[in-house]
Structures are given as structure tokens and as C-alpha cells.
Amino acid sequence: MVSKKYLPTALFILAGLFVFFAIQRSCTLHSKYSELKGQYEALAKEHETYKRVTEEEAAHLRKRIEDQDKIIVAANKEIAKKHERIARLDEELAGLEEKADKTQNLAKKVTLLERQINIWKQKFSLAQGVIADKDKIIFSLTEKYQTQVRITQHYKTLYEREAQLRELLEKRVKIADSKIKGLNFKLGLSNAAWAVIAGVAVLIVAD
């Protein structure tokens, strides 16, 4: 059993060890917190740069979609015009066919048939134009789809980066909370320990 002579020294050594381990634990938490802080700040800076680039790229891609919309609108207008022209040619063709059927004059009939051939050529050319316009629309729709996929991928990556930042921030908050709780507990325990030591020292001196 420790004699009264060495008891104060032993108590002071125990108190010192307690303070040492408390400081060591605090330093470990502080080191982890500093490491996470560095990671967070680096990632946050990188994220802000990526976010700015993403917004610029997304704006550029949205402009491409708008351009494709204009192409689609223009192509649809052209198709409508060609269909109107084809409809008028059909009416003209029907009239020529009726006249050709009724006439007995061979020369006139040949002329009417040649005019019909010319109308069919125009209709064929217009039909080819309609197909070309529809190809433009298909191409533009494909371009719009692919562009939208790229925009979505950019924002998906941005969301994943933000999730990483939130995770690091939550870890920092937890460590900070642990540090505060731990320091409060150790402060209270340390005060109690020193009070006990002081009490014991007073009793020893009194003896």
C-alpha cells in the first residue's frame, strides 16, 4: 500500500497521465479533423470549378438543342409548303387527265399527257424534298436526344460530387461534435480529479 508520504506524488503523476492521454486524444481528433478539412476544402474548390464548367457546358448544349428546334420548325414548315404544292399539282393533274380523256385530238392529247408527265416530275421532286426534310428532323431529334443525355450526365456527376462534399462535411461535424463532448467531459472529470487530489492533500497535511 502507498504510504502517505508518496501519496501526493502518486496522485499528481496519475493526474498528469490523465491530462497527457486527454491531450493525446484531443490531438488525434484534431489531426483527423484537419485532414478532413483539407480534403473538403480541396474537393470544394475543385467542385466549384467543375460546377462553373458544367453550367457553361450545359448552357452551350441547351443552345444546341434550341438550334435543333429551329431546324425542326423550319423543316416542318417546308414539308407543309411542299404538301400544299403537291396538293395543287394533284388538282392540276386531275384536270389534265380529264381533258386528255375527253379530247379526240391526238396532238392535243399528247400535249396534255406531256404536261401530266411534267407534273409527275414536280411531284417526285417535291416528294424527295419532303423525305430530305424529314431526314433533317430525324437527325435533329437524334442530336437533341444525345445532347440531353450529355447534359444529364454532367448534372449527374455534379450531384455525385456534391454528395461527396456532404459526406465529408458530415464527418467533420461528427468529429467536431465528438471533440466538444469529449473536451467537456474531460474538463469536468479533470476538475473532479483535481478536487479529489486537493482534498486528499489537505487531509494528508492535516495529519
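The residue numbering used here restarts from 1 in each chain and proceeds along that chain's sequence as written. In keeping with the predicted nature of the model, local features appear solely for residues at pLDDT of at least 70, side-chain atom pairs appear and are counted solely at 80 or more, and the whole-chain, interface and lining totals rest on all residues. Working from all heavy atoms in the structure, the side-chain values ignore hydrogens and water.

**Here we look at the overall build of the protein chain**
Helix numbers and strand numbers start at the N terminus; a helix is a DSSP run of H or I with at least 4 residues, a strand a run of E with at least 2. The helix and strand inventory of the protein chain stands at two helices and zero strands. Each of the 207 residues in the protein chain was classed as buried or not, and the buried ones make up 22%. Contact definition: two residues touch when any of their heavy atoms are within 4.5 Å. Long-range pairs, those at least 24 residues apart, make up 87% of the contacts in the protein chain with a sequence separation of at least 6. Put simply, the protein chain shows about 14,800 Å² of open surface, and 63% of that area lies on carbon and sulfur atoms. Whether a residue is buried, partly exposed or exposed follows from its accessible area with a 1.4 Å probe, protein chains only, as a fraction of its type maximum: under 20%, in between, or over 50%, in that order. Per-residue and other accessible areas were derived by the Shrake-Rupley procedure at a 1.4 Å probe size, with only the shown protein chains allowed to occlude residues.

**Quick word on the environment of A44**
Note on placement: A44 falls in helix 1 (residues 7-102). Classification of A44 by relative accessible area gives buried; the value is 19%. Considering only alpha carbons, one finds A44 and L165, 121 residues apart in sequence, at a separation of 6.8 Å.

**As for the pattern of salt bridges**
In the sections that follow, a salt bridge refers to a side-chain nitrogen of Lys or Arg positioned within 4 Å of a carboxyl oxygen of Asp or Glu. Counted according to the given criterion, the structure contains ten salt bridges. With its nearest N and O atoms 3.1 Å apart, the salt bridge here joins R150 to E57. A residue pair is termed long-range when its members are at least 10 positions apart, and R150 in helix 2 (residues 106-206) and E57 in helix 1 qualify at 93 residues. K144 is paired through a salt bridge with D69; the nearest N and O atoms lie 2.6 Å apart. Of the two residues, K144 sits in helix 2 while D69 sits in helix 1, which places them 75 residues apart along the sequence. Accessibility expressed as a relative area gives 29% for D69, which makes it partly exposed. Bridged by salt links that share partners, the residues E78, K81, K82 and D133 form one connected network.

**Details of the environment of A74**
For A74, the position within the fold is in helix 1. Taking the C-alpha atoms as reference points, A74 and I137, separated by 63 residues in sequence, lie 9.4 Å from one another.

**Here we look at the packing of aromatic side chains**
Each aromatic pair joins two rings of Phe, Tyr and Trp (for Trp, the six-membered one) with centres within 6.5 Å, and gets the label stacked for planes under 30 degrees apart, edge-to-face for over 60, and tilted for any other angle. All told, the structure shown has zero aromatic pairs when counted by the stated rule. Its guanidinium or amino end placed over the ring of W120, K123 lies 4.2 Å from that ring's centre, counting from NZ or CZ. Any Lys NZ or Arg CZ found within 6 Å of a ring centre and within 35 degrees of that ring's normal is scored as a charge over the ring.

**Details of the side chain of K82**
Mapped onto the elements, K82 comes out in helix 1. Contacts of K82, omitting those with residues within four sequence positions, involve L126, G129, V130 and D133.

**Looking at the side chain of T103**
Residue placement: T103 occurs in the loop between helix 1 and helix 2. Judged by its relative accessible area of 13%, T103 is buried.

**A few points about the nonpolar core**
Here the nonpolar core consists of buried residues drawn from Ala, Val, Leu, Ile, Met, Phe, Trp, Tyr and Cys, with membership extended through side-chain atoms lying within 4.5 Å. Grouped together as the largest cluster of nonpolar side chains are eight residues: I86, L89, L93, L96, A100, L112, I119 and L126. Those elements giving two or more residues to this core turn out to be helix 1 and helix 2. The leading source of residues in this core is helix 1, at five residues. Residues within four places of L96 in sequence aside, it is in contact with L112, R115, Q116 and I119. Counting residues in each nonpolar core, the second largest holds five residues, with I72, A75, V130 and I137 among its members.

**With respect to the environment of E97**
Turning to its location among the elements, E97 is positioned in helix 1. Between the C-alpha atoms of E97 and K109, which are twelve residues apart in sequence, the distance is 9.4 Å.

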